[in-house]
Amino acid sequence: MQDYVEQREGGYYIAGTRISLDSIVHAFQDGESPEGILRSFPMAGPLVRIYGVITFYLENKDEVEAYLKDQERLWSELETTQTEPADSLAGRLHAAKEHAYPRPA
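Residues numbered from 1 in each chain as written. Predicted model: local features only at pLDDT ≥ 70, side-chain atom pairs only at ≥ 80, totals over all residues. Heavy atoms only, no water.

Engineer: When you look at helix α3 (residues 47-59) in this model, what are you seeing that I'm missing?
Structural biologist: For α3, with 13 residues, the first-to-last C-alpha span of 18 Å sits near the 18 Å given by 1.5 Å per residue. When we look at burial in α3, the residues that qualify are Arg-49, Ile-50, Gly-52, Val-53, Ile-54 and Tyr-57. (Helix = DSSP H or I, 4+ residues; strand = E, 2+ residues; numbered from the N terminus. Expected span 1.5 Å × (residues − 1). Buried < 20%, exposed > 50% of the residue type's maximum accessible area, 1.4 Å probe, protein only.)

Engineer: I keep staring at the pairing of strand β2 (residues 11-14) and nothing clicks. Help me out?
Structural biologist: Regular strands place side chains that alternate from one sheet face to the opposite one. Of the two faces of β2, both are covered, the one formed by Gly-11 and Tyr-13 as well as the one formed by Tyr-12 and Ile-14. Looking at chain direction, strand β1 (residues 5-8) and β2 are connected through 4 bridges and run antiparallel. Bridging across to β2, Arg-8 finds its partner in Gly-11. Between the end of β1 and the start of β2, which pair antiparallel, lie 2 residues, with Glu-9 showing a positive phi angle near 50°. (Pairing = 2+ DSSP bridges.)

Engineer: Help me out: how do you make sense of unusual backbone geometry in this one?
Structural biologist: Backbone geometry follows two general trends: most residues other than glycine have a negative phi, and most peptide bonds adopt the trans configuration. Across the junction of Gly-45 and Pro-46, the peptide omega takes the value 15°, indicating a cis bond. Tracing the backbone shows Pro-46 in the loop between α2 (34-40) and α3. Although it is not a glycine, Glu-9 sits at a positive phi angle of roughly 50°.

Engineer: In this structure, what is going on with the pattern of salt bridges? I would like to understand it.
Structural biologist: Opposite charge on two side chains makes pairing possible when the charged atoms of those side chains draw close. Per the stated rule, a full pass over the model turns up 2 salt bridges. Note that Arg-8 is salt-bridged to Glu-6, the shortest N-O span being 2.2 Å. Judged by relative accessible area, Arg-8 falls into the partly exposed class, the value being 25%. The class of Glu-6 is partly exposed, set by a relative accessible area of 29%. Linking Arg-73 and Asp-70 is a salt bridge whose minimum nitrogen-to-oxygen distance equals 2.5 Å. Taken together, the residues Arg-73 and Asp-70, both in helix α4 (residues 61-100) and 3 residues apart, mark about one turn of the helix. (Salt bridge = Lys/Arg side-chain N within 4 Å of Asp/Glu carboxyl O.)

Structure representation (structure tokens):
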């Protein structure tokens, strides 16, 4: 049987693509049909691969759900930690611009 999902770099992806398993599973959970998912992610095709990914999800539901929950947690952590450095960087860039191009008095 052909593998439709591969694990690499700590995540799950559709085999041979850069499309995350998360994308397909979330669309499926939202009620998208395999044909609709393929329209949204044409590089995930052919259609049999979409069905294979959904089958992988259903056969490994507990493992995939735990993975998705962990991904949500990591995303939340990233959002909270990225706010401060981004603000700090923006402030430093603004100060550097003001220093390089002072406003006329």
